[in-house]
Amino acid sequence: MERQILHIDVNNAFLSWSAVERLKNGETLDIRTIPAIIGGDEARRAGIVLAKSMLAKKCGVKTAETIYSAKRKCPNLKIYPPCDYSIYKNYSNKLYNLLLEYTDKIERFSIDECFMDMTGYLMKDTLLNKAYEISKRAKKELGFTVNIGVAHNKLLAKMASDFEKPDKVHTLFENELETKMWTLDVSELFMLGKKTVPKLNSMKIYKIGDLAKSDKREIIKKFGKHGLMMWEYANGIDTSEVICIREKPKSIGNSVTLPYDIRELDKLEEIVLTISEQVAYRLRKQDMLANVVNVQLRTKEFTDISHQRRLDYSTSNTKEIYETARKLLLEMYKKGVPIRLVRSNSSKPY
């Protein structure tokens, strides 16, 4: 089975999370909308840029450069101190818990990046639809934006998420390598060290495509095992697995973005049954029980309707979850109203 991989990358994480926290605490200025950075002690010229807004980036400000240098590029730059690390960890965990509603196979690559293996979790939906859904939910429910790379392996998903930012979803499938990746400077290839670039340039290798089309034996001879990895990466080859440390989610859910709007109740019931079966399976797999069932419908006009019900007792039984989900569907269903998305969660697990 072809793997279905997403890479989630929070846009300007420390600055975005600082902005959300400041707004939550009553401030009216969103520091993401001005030339701003998160940095160390401004009085010390050795202080460095930890994160930057998009407007600061447009001025040429770079992460890890000195604040002194950044202010020379952007005289009206505003500097804000970092939040306590526990606050950043909390926002990272909120994103992780949202992603756990989609798959149990998540690798936390860093505090602001995750790989998701969606293979076997898509049901009737597509990987691209899931990516857009996660993107919208992060913005609406968590208050910050993410870039998402969509591919069939980790490498290409990671490369795709680094394309145009912020708040974008990009695909990078094998048939898109030539147009989307091979045209990039070779320095942009994942895991390629800065010291390697001049050596490749001396071999007349300037683009990722040049490396992909080069003689593999020559590259290995010059760079050893790392040369083999570089050549394979340039050709989009990566068989590494999403390495996940199991953490029990606060809720387990699945959703289906429908390929066309559905008005018929019997078809919606079939979809709710399929989702309920997947949710119950994941509950049992996690050795968990749930005592609340929630069903959400999204109309053609992107209006969300949601009902939930507490169960009399905790369960992971498909039939019991479906019966409750179906009752909730009947409460919300209006004849003739086109539905484009159905989501069901079983929450407050034990």
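Residues numbered from 1 in each chain as written. Predicted model: local features only at pLDDT ≥ 70, side-chain atom pairs only at ≥ 80, totals over all residues. Heavy atoms only, no water.

Draft legend 1. Geometry of the overall build of the protein chain. Helix and strand counts for the protein chain come out as 13 helices and 12 strands. Buried residues in the protein chain amount to 51% of all 350 residues. Of the contacts made within the protein chain by residues no fewer than 6 positions apart, 63% connect residues no fewer than 24 positions apart. When the accessible area of the protein chain is evaluated, it comes to approximately 17,500 Å², of which 52% is carbon and sulfur surface. Positive and negative side-chain charges in the protein chain, numbering 60 and 46 respectively, have mean positions lying 4 Å apart. (Helix = DSSP H or I, 4+ residues; strand = E, 2+ residues; numbered from the N terminus. Buried < 20%, exposed > 50% of the residue type's maximum accessible area, 1.4 Å probe, protein only. Contact = heavy atoms within 4.5 Å. Areas by Shrake-Rupley, 256 points an atom, 1.4 Å probe, with all protein chains shown as cover. Lys, Arg positive; Asp, Glu negative; His and termini not counted. Charge placed at Lys NZ, Arg CZ, Asp CG, Glu CD.)

Draft legend 2. Representation of the side chain of Thr 299 within the structure. One can find Thr 299 in strand β10 (residues 290-299). For Thr 299, a relative accessible area of 6% puts it in the buried group. Not counting residues within four places of it along the chain, the set of residues in contact with Thr 299 comprises Ile 305, Val 337, Pro 338, Ile 339 and Arg 340.

Draft legend 3. Looking closely at the sheet that holds strand β1 (residues 5-10). Spatially, five strands are ordered β5-β6-β1-β7-β8 in an open sheet, and the strand pairing comes out mixed. At either margin of the open sheet sits one strand with a lone partner, and together these are β5 (106-110) and β8 (169-171). Sheet twist, expressed as the average angle between the axes of neighbouring strands with direction ignored, equals 20°. As paired strands, strand β7 (residues 146-151) and β8 are joined by three bridges and run parallel to one another. Bridged to Gly 149 within β8 is His 170. Strands in contact with helix α5 (residues 127-142) are β1, β6 (113-117), β7 and β8; relative to β7, the strand with the most contacts, it is inclined by about 170°. Where helix α6 (residues 154-161) meets the sheet, its contacts fall on β1, β5, β6, β7 and β8, and the angle it forms with β7 comes to roughly 145°. (Pairing = 2+ DSSP bridges. Axes fitted to C-alpha atoms, helices over the stretch in contact; angles between N-to-C directions.)

Draft legend 4. Geometry of the pairing of strand β11 (residues 304-315). Inspection of the sheet shows β10 paired to β11 by eight bridges, in the antiparallel sense. When the bridges of β11 are listed, Gln 296 appears paired with Ser 306. Where β10 folds back on β11, the antiparallel hairpin that results is connected by four residues, among which Phe 302 adopts a positive phi of roughly 65°.

Draft legend 5. Representation of the packing of aromatic side chains. Across all of its chains, the model carries eight aromatic pairs by this definition. Seen from their ring centres, Trp 17 and Phe 144 are 5.9 Å apart, and the 75° between their planes marks the pair as edge-to-face. A residue pair is termed long-range when its members are at least 10 positions apart, and Trp 17 in helix α1 (residues 13-24) and Phe 144 in the loop between α5 and β7 qualify at 127 residues. Accessibility assignment for this pair places Trp 17 and Phe 144 in one class, buried. One aromatic cluster is present, formed by Phe 14, Trp 17, Tyr 88, Tyr 91 and Phe 144 through successive ring pairs. The side chain of Arg 108 reaches across the aromatic face of Tyr 96, ending 4.3 Å from its centre. Lying across the ring of Phe 115, Lys 154 places its NZ or CZ 5.0 Å from the centre. (Phe/Tyr/Trp six-rings, centres within 6.5 Å; stacked < 30°, edge-to-face > 60°. Lys NZ or Arg CZ within 6 Å of the ring centre and 35° of its normal.)

Draft legend 6. Just the packing of α1 against helix α4 (residues 85-99), in detail. Packing of α1 against α4 brings their axes to within 10 Å, and their N-to-C directions diverge by 100°. In terms of orientation, α1 and α4 fall into the roughly perpendicular class. In this structure, α1 contributes Phe 14, Trp 17, Ser 18, Val 20, Glu 21 and Lys 24 to the contact, and α4 contributes Ile 87, Tyr 88, Tyr 91 and Ser 92. Partitioned by chemical class, the residues of the contact of α1 with α4 number six nonpolar, two polar and two charged. (Parallel < 35°, antiparallel > 145°, perpendicular 65-115°, else oblique. Nonpolar A, V, L, I, M, F, W, Y, C, P; charged D, E, K, R; others polar.)

Draft legend 7. Geometry of α1. With 12 residues, α1 should cover 16 Å at 1.5 Å per step; its first-to-last C-alpha distance of 16 Å lies within 8% of that length. Burial analysis of α1 places nine of its 12 residues in the buried class, the great majority of the element. Listed in full, the buried residues belonging to α1 are Ala 13, Leu 15, Ser 16, Trp 17, Ser 18, Ala 19, Val 20, Glu 21 and Arg 22. Contact partners of the buried residues in α1: β1, β2 (36-39), β3 (49-52), β4 (78-80), α4 and α5. Looking one or two places after α1, you find Gly 26, whose phi comes out positive at around 105°. (Expected span 1.5 Å × (residues − 1).)

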